[in-house]
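What follows is each chain in one-letter form.
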Amino acid sequence: MRARESEEMMVPSPKGEGFFGECGMTVPSPNGKGFFGGGFMTEQERKQRILQGLEETYPTAGPELHFTNPYETLVATILSAQCTDQQVNRVTPAVFARYPDADSMAAADPEELFPMVKSCGFRSKAGNIIAACRMIHEKHGGQVPDSREELMELPGVGRKTANVVLSNAFGVPAFAVDTHVFRVSNRLGLCRADTVEETERQMTELIPEEKWGKAHHWLIWHGRRVCRAQRPLCGECTLKEWCPSGREGAAEPAKKRT
Ligand code: SF4
């Protein structure tokens, strides 16, 4: 499956060789190293420096959805598809008060649930949440399963949602690739992938397993706050010295109207 990217993708060029400047230029390097951050470094060194920079920049990065247990994690994550976390957080308190667990959600009437989550888009989300909870009720005794295979059997749950639930609700090592993770990982040259599956494969090879969950949040936070889809704030980016996609002047914050 190709990642849905309506924005211009700035995916860096060659395979580990190059002399990159902030405007994304590449000049062949005689020894396979690139010139970043004031010195030559290998691709592996450059990637490790970026990961270190992400960790230093976002030490408190974590989920921005509100949930307190695996059931709430699952419902909030399904609702968050193509919707902001802030909007999901506005509706979930009432949803969780009315349907506090998978068993109660399994008995919900779609016509009652849909108006409660309508602002998160797509009528199908309400149907998928109820259908997923019915399967959890019937097949898993009302408990959200903690394996990727079983999660992906639930209606409305793909690999990304399963990985989010595994990582955030169960502490199982998993690296979820959403639109921000896909875009930022490729712009930074941490991976070079056309699909979310290939992005996940390359990133989980690069990053130690114990940091997969954190790294997912570092990249989302960077994508939301700095490396935005349409107008990345390269001038303010703490990673620009090591980023092959950074563009001088691409990043001027919008001027305030006077
Ligand atoms: S915002 Fe940072 S990470 Fe994104 S393209 Fe610009 S320099 Fe690279």
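Small disclaimer: the values here were computed from a predicted structure and weren't measured.

A.B. asks: What am I meant to see in the overall build of the chain here?
C.D. replies: Looking only at helices and strands, the chain features eleven helices and four strands. Here the chain holds 258 residues, and the buried ones make up 37% of them. Taking all contacts inside the chain whose residues are at least 6 apart in sequence as the whole, residues at least 24 apart take part in 56%.

A.B. asks: What is the right way to read the confidence of the model for the chain from this model?
C.D. replies: Do not read the predicted coordinates in detail wherever pLDDT is low. Confidence in the prediction of the chain, expressed as mean pLDDT, is 86, and 82% of residues score 70 or more. A low-confidence stretch, residues 1-31 (pLDDT under 50), is modelled with 58 contacts involving residues beyond four sequence positions or located in other chains. Low confidence marks residues 251-258, where pLDDT is under 50. Its contacts with residues over four positions away, or in another chain, come to eight contacts.

A.B. asks: Just to check I follow, could you spell out the nonpolar core for this structure?
C.D. replies: In globular proteins that are soluble, nonpolar side chains generally tend to be buried together. Judged by nonpolar contacts, the single largest core of 59 residues is most densely connected at Val75, Ile129 and Val165. Sequence-distant contacts of Ile129, that is, excluding residues within four places in its chain, are made with Val75, Ile78, Met105, Leu113 and Gly156.

A.B. asks: When you look at the site of the ligand in this model, what are you seeing that I'm missing?
C.D. replies: Around the ligand there are 13 residues in total, and Cys227, Cys234, Cys237, Cys243 and Gly246 lie nearest to it. Of the residues assigned to the shell around the ligand, the class counts are nine nonpolar, two polar and two charged.

A.B. asks: Looking at this structure, how should I read the packing of helix α5 (residues 110-117) against helix α6 (residues 123-139)?
C.D. replies: Helix packing geometry: the angle between the two helix axes and the distance between the axes. At their nearest, the axes of α5 and α6 sit 9 Å apart, and the two run at 125 degrees to each other. Relative to α6, the element α5 lies oblique. Regarding α5 and α6, the two cross each other, and that crossing is right-handed. The segment α5 lies against α6, with Pro110, Leu113, Phe114 and Val117 engaging Arg123, Lys125, Ala126, Gly127, Ile129 and Ile130. Residues that form the contact of α5 with α6 fall into these classes: seven nonpolar, one polar and two charged.

A.B. asks: Which parts of the structure should I look at to understand helix α11 (residues 212-225)?
C.D. replies: Three- or four-residue spacings in an α-helix give side chains the same orientation, since the helix completes a turn every 3.6 residues. Here α11 spans 20 Å end to end across 14 residues, near enough to the 20 Å set by a 1.5 Å rise per residue. The element α11 is extensively covered by neighbouring structure, given that eleven of its 14 residues are classed as buried. Where α11 is concerned, the buried positions are Trp212, Gly213, Ala215, His216, His217, Trp218, Leu219, Ile220, Trp221, His222 and Gly223. Check the buried side of α11 and you find it contacts α1 (43-57), α8 (159-170), α9 (179-187) and α10 (196-206).

A.B. asks: Would you take a moment to explain unusual backbone geometry for this structure?
C.D. replies: Backbone geometry follows two general trends: most residues other than glycine have a negative phi, and most peptide bonds adopt the trans configuration. Not every positive phi belongs to a glycine, and Gln82 is a case in point at roughly 55 degrees. Topologically, Gln82 is positioned in the loop between α2 (70-79) and α3 (85-98). The exposed category is assigned to Gln82, around which 11 C-beta atoms lie within 10 Å. We note that Phe122 has phi near 55 degrees; this positive angle belongs to a residue other than glycine. In this structure, Phe122 sits in the loop between α5 and α6.

A.B. asks: Help me understand the environment of Leu79 in this model?
C.D. replies: Turning to its location among the elements, Leu79 is positioned in helix α2. Looking at Leu79, the number of C-beta atoms within 10 Å reads 27, which means it is buried. Separated by 45 residues in the primary sequence, Leu79 and Ser124 have C-alpha atoms spaced 10.0 Å apart. When sequence neighbours within four positions are dropped, the list of residues in contact with Leu79 reads Val88, Val117, Cys120 and Lys125.

A.B. asks: Could you clarify how one ought to interpret the environment of Arg228 in this entry?
C.D. replies: Assignment of secondary structure puts Arg228 in the segment after α11. With residues up to four places along the chain from it excluded, the contact list for Arg228 reads Gly223 and Leu233.

A.B. asks: Mind showing me how you'd approach the environment of Ala108 here?
C.D. replies: Relative to the helices and strands, Ala108 resides in the loop between α4 (102-106) and α5. A residue is classified by how many C-beta atoms lie within 10 Å of it, and Ala108, with 19 of them, is partly exposed. Sequence spacing of Ala108 and Ala131 is 23 residues, and the spatial spacing of their C-alpha atoms is 9.7 Å. Setting aside residues no more than four positions away along its own chain, Ala108 makes contact with Tyr99, Leu113 and Ile130.

What counts and how
- Residues numbered from 1 in each chain as written.
- Predicted model: local features only at pLDDT ≥ 70, side-chain atom pairs only at ≥ 80, totals over all residues.
- Helix = DSSP H or I, 4+ residues; strand = E, 2+ residues; numbered from the N terminus.
- Buried ≥ 20, exposed ≤ 12 C-beta atoms within 10 Å, placed from the backbone.
- Contact = placed C-beta atoms within 7 Å.
- pLDDT = per-residue confidence, 0-100.
- Core = buried A, V, L, I, M, F, W, Y, C linked by C-beta atoms within 7 Å.
- Near = placed C-beta within 6 Å.
- Nonpolar A, V, L, I, M, F, W, Y, C, P; charged D, E, K, R; others polar.
- Axes fitted to C-alpha atoms, helices over the stretch in contact; angles between N-to-C directions.
- Parallel < 35°, antiparallel > 145°, perpendicular 65-115°, else oblique.
- Left-handed = near helix turned anticlockwise from the far one by under 90°.
- Expected span 1.5 Å × (residues − 1).

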